[in-house]
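Descriptive structure summary
Each chain, written out:
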Amino acid sequence: MGTLDTEVLVVGSGAGGGMTAARLAEAGRQVTVIEEGPWVDADAHEPFSLEEMVTKYRHHGASLALGNPNIAYAEGRCVGGSTEVNSGLYHRLPDSLAADWAARYAIDEFTPAGLGRYADRVERDLGVSTLPGAPPPSSAMLERGATKLGWRNVEFARVFRYDASGRGTKQTMSRTMLPRAVGAGATIVPDCRVQRLVRDGDRVVGVRARRRHAGGAVERLAIRADHVFVCAGAVETPALLQRSGIRHNAGNGLKMHPTVKIAARFPHPIDHGDVPMHRITEFAPSLTIGGSASRRGHVAMALADTGLPLEDALAGWENISVYYAAIRSEGSGRVLAVPGLASPVVTYKLTDGDLSRLARGIVHLGELLLAAGATELHPSILGGPVVRGMDGLGAWWDTLTRSRASVMTVHLTSTVRMGEDRRRTGADSFGRVWGHRNLRVNDAALLPDAPGVNPQAAIMAIAARNCDEFLAS
Amino acid sequence: MLSFERQVVAALVGSDDPAVRSSVEAFVDGSLRDKPEHLRLGVAGESVVLGTYVALLRALGRLDGDEALRALLRSWENGRIGVVRQYVRAMQALVVFAENELAPAPDRAA
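What counts and what doesn't
Residues numbered from 1 in each chain as written. Chains lettered and ligands numbered in written order. Predicted model: local features only at pLDDT ≥ 70, side-chain atom pairs only at ≥ 80, totals over all residues. Pairing = 2+ DSSP bridges. Helix = DSSP H or I, 4+ residues; strand = E, 2+ residues; numbered from the N terminus. Contact = placed C-beta atoms within 7 Å. Nonpolar A, V, L, I, M, F, W, Y, C, P; charged D, E, K, R; others polar. Axes fitted to C-alpha atoms, helices over the stretch in contact; angles between N-to-C directions. Parallel < 35°, antiparallel > 145°, perpendicular 65-115°, else oblique. Left-handed = near helix turned anticlockwise from the far one by under 90°. Expected span 1.5 Å × (residues − 1). Buried ≥ 20, exposed ≤ 12 C-beta atoms within 10 Å, placed from the backbone. Core = buried A, V, L, I, M, F, W, Y, C linked by C-beta atoms within 7 Å. Domains from an automatic or database assignment. pLDDT = per-residue confidence, 0-100.

Let's talk about the sheet that holds strand β20 (residues 345–349) of chain A
Residues and elements named next belong to chain A. Strand order in this open sheet of four strands is β20-β19-β14-β23, and the pairing throughout is antiparallel. With partners counted over all chains shown, the strands left at the sheet margins are β20 and β23 (412–413), one partner each. The sheet contact formed by strand β14 (residues 252–256) and strand β19 (residues 332–336) spans two bridges and is antiparallel. Paired with Asn252 across the two strands is Arg334, which belongs to β19.

Side note on the interface of chain A and chain B
Accessible area lost on assembly of the parts is the figure often given for the size of an interface. Taken together, the contact between chain A and chain B spans 23 residues of the former and 24 residues of the latter. At the level of secondary structure, the elements contributing two or more residues to the side of chain A that touches chain B comprise α2 (50–56), α8 (296–304) and α9 (310–314) of chain A. It is α8 of chain A that contributes the most residues to the side of chain A that touches chain B, five residues altogether. Across the side of chain A that touches chain B, the residue classes tally to 11 nonpolar, nine polar and three charged.

A closer look at the packing of helix α2 (residues 18–34) of chain B against helix α5 (residues 82–102) of chain B
Residue and element names in this part refer to chain B. For the pair α2 and α5, interaxial distance at closest approach is 9 Å and the crossing angle is 135°. In terms of orientation, α2 lies oblique with respect to α5. Considering how the two elements wind past one another, α2 and α5 form a crossing that is right-handed. Taking contact as the criterion, the partners of Val20, Ser23, Val24, Phe27, Val28 and Ser31 in α2 are, on α5, Leu94, Val95, Ala98, Glu99 and Leu102.

Describing the pairing of strand β13 (residues 218–230) of chain A
Look at any regular strand and the pattern is simple: side chains alternate between the two faces of the sheet. Residues and elements named next belong to chain A. Relative to β13, strand β1 (residues 2–11) runs parallel, the two being bridged by nine bridges. Note on β13: the bridge partner recorded for Asp5 is Arg224. Judged from the seven bridges that link them, strand β12 (residues 203–212) and β13 form a sheet pairing that is antiparallel. Paired with Arg210 across the strands is Arg220, a residue of β13. Linkage of β12 to β13, two consecutive antiparallel strands, is achieved through a turn of five residues, within which Gly215 is found at a positive phi near 100°. Of the pairings in the sheet, the one linking β13 to strand β24 (residues 439–441) comprises three bridges and is parallel in character. By the bridge assignment for β24, Val230 is matched with Val441.

Observations concerning α5 of chain B
Helix length check: α5 of chain B (21 residues) gives 30 Å between terminal C-alpha atoms against 30 Å at 1.5 Å per residue, within 8%. Here α5 of chain B lies mainly inside the structure; 16 of its 21 residues are buried.

Some thoughts on the environment of Gly79 of chain B
Secondary-structure assignment places Gly79 of chain B in the loop between α4 (65–77) and α5. In contact with Gly79 of chain B, other than residues within four places in its own chain, are Val84 and Arg85 of chain B.

Side note on the nonpolar core
Ranked by size, the top nonpolar core spans 171 residues in total, and within it Val11, Ala21 and Ala461 of chain A carry the most contacts. Tallying contributions element by element places α5 of chain B first for this core, with 11 residues. A domain-level breakdown of this core finds at least three residues from each of domain 1 (2–39 + 78–127 + 172–253 + 414–472) and domain 2 (137–166 + 258–409) of chain A. Not counting chain neighbours up to four residues away, the residues in contact with Val11 of chain A comprise Ile34, Val194, Val228, Phe229, Val230, Cys231, Ala232 and Leu240 of chain A.

Describing the confidence of the model for chain B
Residue and element names in this part refer to chain B. Per-residue confidence for chain B gives a mean pLDDT of 91; residues scoring 70 or more make up 94%. Ranking the helices and strands of chain B by mean pLDDT puts helix α3 (residues 37–59) first, with 97, and helix α6 (residues 105–109) last, with 45. The low-confidence segment residues 105–110, where pLDDT is below 50, has two contacts with residues more than four positions distant or belonging to other chains.

Section: unusual backbone geometry
Residues and elements named next belong to chain A. Geometrically, the link from Asn68 to Pro69 is a cis peptide bond, its omega value of 10° lying close to zero. Here the amide bond leading from Ala284 into Pro285 is cis, since omega sits at 0°, within 30 degrees of zero. Positive phi values are uncommon outside glycine, yet His60 reaches one of about 60°. Within the secondary structure layout, His60 lies in the loop between α2 and β3 (63–65). C-beta crowding within 10 Å serves as the criterion here: with 23 such atoms nearby, His60 is assigned to the buried category. The backbone phi angle of Ala106 is positive, close to 55°, even though this residue is not glycine. Residue placement: Ala106 occurs in the loop between α3 (95–105) and α4 (112–126).

Structure below.
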């Protein structure tokens, strides 16, 4: 068994782990980052392509939360985590939510102003900007539909930097915080999965891990650490805690943004290389409308959701783009590490109210797309009628049922909530796991609820805040 | 990948191009291998049960060829049994995504 010693061990290298590694390494701490997935050149594959699915996503992008209905979800599993595969949309945590969470979960020093200062720094660190020039057609359709209906909409900023020619580069963790961490002396160990934490009383003294080497050889590693930050995401973080015997409020309370989609045909070609930047905020934060990845594979999958013959629907696919309606859910789920299984069991229970909100969401999305000029709408409902005019939308209210809806998500949060109310949280106001002096969580698991927007900005601001508290203490 | 899963993929792939068919099968195989154990076990269990049923139909002469299997899958997809419906939809999603991402340039333009 190989051994390794470090002052700070960071498990996971996504938005939380990347930020943690950079902050602590630049503060002079000796940092080692362990990442379960491989180190993949950020430019190696086209965004959202099949190759990217295979190399950068957990379970080939086909993970599943069991329930009625099952909910498909996707998360990154590579150096940089989900920041390598997401759309890069950036949205600060709304002030009202920060204030609400602080009050409901008794989170210390969690003010909108304080988080705003961290968000400022995150934006400077990453580079957050809007698209130079006019939006692509897929995004302009959202703007056009919203304008016609009088709905609020906004072009979201993204974690992109643009060169003089307007070419954008997504500022993923592997391009930003992780190189900074390495520059400050941190070590990154890819292809290394932590099996469990090694505990000694109220301290964690290290971890047991397995590292896969090129050629398939597996090396067992015992890593000793003075401090451990678990940043493996809202599914794997509680699973690791559970595997290590830490179960207090770890894994329950999973939150997400359940999402339904429409494949919309327009009378003209639509771009397919990027994700639309516009979002409809008229119903936010309870309901958000936006655009999805729409490569040919995504368009075909969305069209197949209705169960109608695909070949006919796919004809002229260049004119089709995929859009979504995502809700803040009152339901919740669980992550459960089962002995003997490498992957945790994930469940999620949608409430009847959630289903109703999803139905409302898909009808609103349909209204918007028709107003934008779409000529044909294919909903993610098995047997859901294809709609060509406003009068057809009402049929979706009745057809979006538990057995017929195709629901997915990409945002999972809240499995180790933060706050001083021990009955409802798994970690204190700064991510320290209850009952453990040197074990912290610093990722999406800490968020008390799904924020209704892409959570990357909130995750990074909170992670930076928690690092400062750690350094100060 | 189990025998019946290979049959399902073969029935669902639309392309006649052997290279595409082979690549789609490889992608589905990889996806199934990469699934969490409990989900893989569930899919495998369904494959065994449904595969046995299909084998029985074939033995009785009531099912012949890919087109007949495709029709049977369509009926399952729209049927009343949730787990069977989800099985078909899950396999179809993998096939549809892979086939359309792997389609050669001339097909894409079609």
